Amino acid sequence: MPDPFHMTVEEAATLLRSGKLCAFPTETVYGLGADATDPDAVLSIYETKGRPRFNPLIIHCADRDMAERLAVFSPLARRLAETFWPGPLSIVLPLRTGHGLADIATAGLDTVALRMPDHPLALELLRATGRPLAAPSANPSGRLSPTTADQVRGAFAGKVPVLDGGPCKAGVESTILAIDGDRLIQLRAGALSRETIETAMEQPVERVEEGAAISAPGMLLSHYAPNARMRLDTSPLPGEAYLAFGSPAPHNSLVRNLSESGDLHEAARNLFSMLHELDAAGVQLIAVAPIPETGLGEAINDRLRRAAAPRT
Ligand code: AMP
Ligand code: MG
């Protein structure tokens, strides 16, 4: 039996091929991986995370060939994949006949969200497994996403084996795009900014509207939540922790600064780990500074709004 805390890629691939779960690092956050063609394995992702079954999973591919066997790529889709893969971009595409994915992985939809992660261990693992891997973030549904192997171990009380690749470099989840004819529609803001996509593709990327016909199921208002309550406010009250951006708040005992220099990449990378730290410090309330709504600020603000939303 391999040591669940010191897995090799081969051991992780063997576990995955035998229908077991294994968490692995990607450039965004740690994923809870399962063979996406095995319905029982995928079911254990939903059970382990406590994830609603209507919330489809992103399928990770070793390369574009693997992705093209699962879904139909239009020329625009192919150009996106050529430009941004491997990378933090998930593309929603029509399933190809004979795709072989478990229905539960796509929540029974006729489309699938695919991506090729930009992380050497994730790619090695995908190649060694030889299967597409369903991999949502490796945390209980609705809670903070993990950016280190230790956080994954903590989240599932050491019950899920983890391939350790150190801290994740992007720190927030992938951007999700849908394609409607020649339009690009962002279903979820993420680690690849809309501006970056617009510049490379030389066309606008629309933000999805609430209640739009094209949407991402399972985008819950309360999500990414730490144990502490959060509110968006520049003036922390006595006893409240403060998550700053740029210049820190004075007179506060517990401050974490997402980025003193106001760098949004650094802030995205620090977001979940600082919230994990504040949770670990036993904080009850966190005030959060506003973040500019540009570049990666869109993804950070999306996570902060959901983390601060009333919980059901
Ligand atoms: P997570 O795995 O938690 O990062 O979430 C994946 C998200 O991708 C889901 O919550 C959906 O919102 C979105 N998604 C996955 N598959 C599809 C699909 N076929 N169509 C639209 N959105 C999807
Ligand atoms: Mg998640």
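Residues numbered from 1 in each chain as written. Chains lettered and ligands numbered in written order. Predicted model: local features only at pLDDT ≥ 70, side-chain atom pairs only at ≥ 80, totals over all residues. Heavy atoms only, no water.

A. Here's a closer look at the packing of helix H4 (residues 75–84) against helix H7 (residues 194–201). For the pair H4 and H7, the least separation of the axes is 11 Å and the interaxial angle reads 115 degrees. When the interaxial angle is binned, H4 and H7 end up roughly perpendicular. Once H4 is placed against H7, the crossing between them reads as right-handed. When H4 is examined against H7, the residues Leu76, Arg79, Leu80, Thr83 and Phe84 are found in contact with a partner set consisting of Thr196, Ile197, Ala200 and Met201. (Axes fitted to C-alpha atoms, helices over the stretch in contact; angles between N-to-C directions. Helix = DSSP H or I, 4+ residues; strand = E, 2+ residues; numbered from the N terminus. Parallel < 35°, antiparallel > 145°, perpendicular 65-115°, else oblique. Left-handed = near helix turned anticlockwise from the far one by under 90°. Contact = heavy atoms within 4.5 Å.)

B. Here's a closer look at the packing of helix H8 (residues 264–280) against helix H9 (residues 297–308). Packing of H8 against H9 leaves a shortest axis separation of 9 Å and a crossing angle of 25 degrees. Classified by the angle between their axes, H8 and H9 sit roughly parallel to one another. The chirality of how H8 crosses H9 is left-handed. Contacts between H8 and H9 involve Leu264, Ala267, Ala268, Leu271 and Phe272 on the former and, on the latter, Gly297, Ile300, Arg303 and Leu304. Along the lines of polarity and charge, the residues of the contact of H8 with H9 split into seven nonpolar, one polar and one charged. (Nonpolar A, V, L, I, M, F, W, Y, C, P; charged D, E, K, R; others polar.)

C. Layout of the environment of methionine 274. By the secondary structure assignment, methionine 274 is in helix H8. When the C-alpha positions of methionine 274 and arginine 311 are compared, they lie 21 Å apart, and in sequence the two are 37 residues distant. In this structure, methionine 274 is in contact with Leu243, Arg256, Asn257 and Leu258, ignoring residues within four places of it in sequence.

What is shown is where atoms sit, not what they do.
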